[in-house]
Amino acid sequence: MIRPTSEVNGVAVAPTRLDTALPAGIDAREYARLLRRVHEATLSGSPPPARLRPVIEESWRRMLRHRIDPDHCRPSMALRREEIQRHRNDSPLSDLMPLLRQSLVPVAEDAGHVMVVADDRGRVLWRDGPREISRVADGAGLVVGAAWDEYSAGTNAIGTALMVGRPVQVYSAEHYVRGLHSLTCACAPIRDPRDGRVAGVIDVTGPASTAHPSTLALVDAVARLAESRLRCMHHAHLERLRSVAAPLLAGLTEKALVVDDEGWTAAVANMEPVRRVPLPKRAERDRVWLPKLGECRMEPLPGGWLIRPTDAETAPAMRARLDLTAPSAASITVGGPSGEWTQRLTARHAELLFLLARHPEGRSAAQLAADLFGDEERVVTVRAEMSRLRRHLGGIVESRPYRFSENVDVTVLAPVDLMALMPASEAPGIRRARADHGLAST
């Protein structure tokens, strides 16, 4: 019996249990033969001899709905040669490459694997490994610049990990595309600790004969180490910004705060500290309206901004766009007369905002508990999450009942394929929405 996958915690970044491909104690070759029979039966419409792991079964359903050809699908070159270096420079993972190579390449080489680092869209930016295995990767299309999202390469660790937002191992005929059945791969997302959004993924790929259950644990541990390094780098940047701003803030008698380019607060003067401020993508006037602060003046600093609230806190009419089209990169963009700002969302906050958008009349804590957990008694958890969400979004979301503010016009951008709507979510309210073909997708 193929072992089922674990449930994903919508709040925590890491899953509670890694979803390895090989059941403990099983003969890998015999298991590969079983998977091939499952693959052939599924594609021919016959009853399969065993059930796939849920994460693989759901991915295959997506492949069938999108009519991915298991015999001829091959990753396309998504980046031209001249574009690759620019995307590397823009990647948050660029500064982490020495750490990733030091931590993973020697082990991957000993195991006969290549190490691959891809961006948040599954485009391969770096690949390291021994020459003989690199030739295998070349033959599979696992080359720098290639797209390995699910719809470009079928079910695979890179694309499926990005789709479900958690570490995934794919072995042999679990790959939807027959040309990849000779491979095994394990991949883990690396999230930017500033906003929880996936910055990219790290993957090891090799011949199926080299598969081992511990590979996924190793890749996940390196991903967590990378996230820790990103967190340290962010703290160091805030400390530098704090040093630059200290003389400036010392001479002010008005309210002011200094934030980095992502809105994280480095220092404040004459006011209560605010952890983070959603910044406008562009300001259309000298003054901007910001959640939590009201009307403000913004002045650029090296690596950040000096923000001075004017105490004019009346919120103007605004537009909110909840973007759920990318499974691992949910966000909300709010715009108004002063410009617009974007807030990246955790999986749980994306679920909550989507549910509120579907119920403009508002939802009580008990109703949201039923929507999220199927249990109206879990109101304490809901209230804690809504408190955090409202701190992030200022006056955009109101309480009693929980709802979007009346002065906010809300639009939801959903995937064209509704089954790809927050695919890692098991919330009853989200599962109902996936089945509701009346949902408008923009």
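Under the annotation held in an unreviewed UniProt entry, the chain carries the name GAF domain-containing protein and is attributed to Nocardiopsis rhodophaea.

**Let's talk about the packing of helix α9 (residues 347-358) against helix α10 (residues 365-373)**
The relative placement of two packed helices comes down to the angle between their axes together with the axis-to-axis distance. Here α9 crosses α10 at 120 degrees, and the two axes come no closer than 11 Å. The orientation of α9 relative to α10 falls into the category oblique. Here α9 runs over α10; the crossing is right-handed. Facing α9, whose interface residues are Arg 348, Glu 351, Leu 352, Leu 355 and Leu 356, α10 presents Leu 368, Asp 371, Leu 372 and Phe 373. Looking at the contact of α9 with α10 residue by residue, the class counts come to six nonpolar, no polar and three charged.

**Quick look at the sheet that holds strand β11 (residues 304-309)**
Read across the sheet, five strands follow the order β7-β6-β11-β10-β9 without closing on themselves; strand pairing throughout is antiparallel. The sheet is open, and its two borders are formed by β7 (265-269) and β9 (287-290), each paired with just one other strand. When the angles between neighbouring strand axes are averaged without regard to direction, this sheet yields 30 degrees. Judged from the six bridges that link them, strand β10 (residues 294-301) and β11 form a sheet pairing that is antiparallel. In the sheet register, Arg 297 faces β11, and the bridge partner there is Arg 308.

**A word on the nonpolar core**
Within the largest apolar cluster, 45 residues are counted, with the highest numbers of intra-cluster contacts made by Leu 142, Trp 148, Ile 158 and Tyr 171. Sorting the residues of this core by element identifies α1 (28-44), α2 (54-65), β1 (114-119), α5 (131-140), α7 (157-164), β3 (168-171), β4 (183-191) and β5 (198-207) as the ones contributing at least two each. Once you skip the residues sitting within four places of it in the chain, Ile 158 turns out to touch Val 116, Ala 118, Gly 122, Leu 142, Trp 148, Cys 187, Val 201 and Asp 203. Met 318, Leu 322, Leu 393 and Ile 396 belong to the second-largest nonpolar core, a separate cluster that totals 37 residues.

**As for the packing of aromatic side chains**
Here the structure, examined in full by the defined rule, presents two aromatic pairs. Each ring, one from Tyr 31 and one from Tyr 171, has its centre 6.2 Å from the other, and the planes form 5 degrees; the classification is stacked. Of this pair, Tyr 31 sits in helix α1 while Tyr 171 sits in strand β3, and the two are 140 residues apart along the sequence. Exposure class is identical for Tyr 31 and Tyr 171. Each is buried. Taking the centre distance of 6.0 Å and the plane angle of 70 degrees together, the rings of Trp 60 and Tyr 176 count as edge-to-face. Taken as a pair, Trp 60 in helix α2 and Tyr 176 in the loop between β3 and β4 lie far apart in primary sequence, 116 residues in all. Of the two residues examined, Trp 60 and Tyr 176, each falls in the buried class.

**A short note on the environment of Asn 156**
Note that Asn 156 resides in the loop between α6 (150-153) and α7. Owing to a relative accessible area of 1%, Asn 156 belongs among the buried residues under this scheme. Separated by 97 residues in the primary sequence, Asn 156 and Ser 59 have C-alpha atoms spaced 9.1 Å apart. For Asn 156, the contacting residues outside a window of four places in its chain are Trp 148, Asp 149, Glu 150, Ala 161, Val 170 and His 175. A polar side-chain atom of Asn 156 sits 2.8 Å from the main-chain carbonyl oxygen of Gly 154.

**Some points on unusual backbone geometry**
Omega for the peptide link from Arg 400 to Pro 401 comes to -5 degrees, which places this bond in the cis form. Mapped onto the elements, Pro 401 comes out in the loop between β15 (397-398) and β16 (403-404). Despite not being glycine, Arg 400 shows a phi value in the positive range, around 60 degrees. As for its position among the elements, Arg 400 is in the loop between β15 and β16. On the basis of relative accessibility, which here comes to 80%, the residue Arg 400 falls in the exposed class. With a phi close to 40 degrees, Met 422 is a non-glycine residue in the positive phi region. Residue position: Met 422 is located in the loop between β17 (408-413) and α12 (428-435). On the accessibility criterion, Met 422 (10% relative accessible area) is buried.

**Considerations on the sheet that holds β5**
Backbone hydrogen bonds are what pair the strands of a sheet, in a parallel or an antiparallel way. Within the open sheet, the five strands sit side by side as β2-β1-β5-β4-β3. Their pairing is antiparallel. Of all strands in the sheet, those bounded by a partner on one side alone are β2 (124-128) and β3. Strand-to-strand twist in this sheet, taken as the mean axis angle between neighbours without regard to direction, amounts to 15 degrees. Both β4 and β5 contribute to a ladder of nine bridges, which runs antiparallel. Bridge pairing links Leu 183 to Pro 207 in β5.

**Some points on the pairing of strand β6 (residues 256-260)**
Burial analysis of β6 places five of its five residues in the buried class, the great majority of the element. Taking every second residue as pointing to the same face, both faces of β6 are buried, with Ala 256, Val 258 and Asp 260 on one and Leu 257 and Val 259 on the other. The antiparallel pairing of β6 with β7 creates a hairpin that spans four residues between the two strands, and Gly 263 there sits at a positive phi of about 90 degrees. Here β6 runs beside β11; their pairing, made up of four bridges, is antiparallel. Bridge pairing links Val 258 to Leu 306 in β11.

**A word on the packing of α9 against α12**
Direction vectors running N to C along α9 and α12 enclose 60 degrees, while the axes themselves pass 10 Å from each other. With respect to α12, the element α9 is oriented oblique. Seen along the crossing, α9 lies across α12 with a hand that is left-handed. Taken together, the residues of α12 that come into contact with α9 (itself represented by Glu 351, Phe 354, Leu 355 and Arg 358) are Gly 429, Ile 430 and Ala 433.

So, how was this worked out
- Residues numbered from 1 in each chain as written.
- Predicted model: local features only at pLDDT ≥ 70, side-chain atom pairs only at ≥ 80, totals over all residues.
- Heavy atoms only, no water.
- Axes fitted to C-alpha atoms, helices over the stretch in contact; angles between N-to-C directions.
- Helix = DSSP H or I, 4+ residues; strand = E, 2+ residues; numbered from the N terminus.
- Parallel < 35°, antiparallel > 145°, perpendicular 65-115°, else oblique.
- Left-handed = near helix turned anticlockwise from the far one by under 90°.
- Contact = heavy atoms within 4.5 Å.
- Nonpolar A, V, L, I, M, F, W, Y, C, P; charged D, E, K, R; others polar.
- Pairing = 2+ DSSP bridges.
- Core = buried A, V, L, I, M, F, W, Y, C linked by side-chain atoms within 4.5 Å.
- Buried < 20%, exposed > 50% of the residue type's maximum accessible area, 1.4 Å probe, protein only.
- Phe/Tyr/Trp six-rings, centres within 6.5 Å; stacked < 30°, edge-to-face > 60°.
- Polar contact = N/O pair within 3.5 Å; in protein donor to acceptor, adjacent residues only side chain to side chain.

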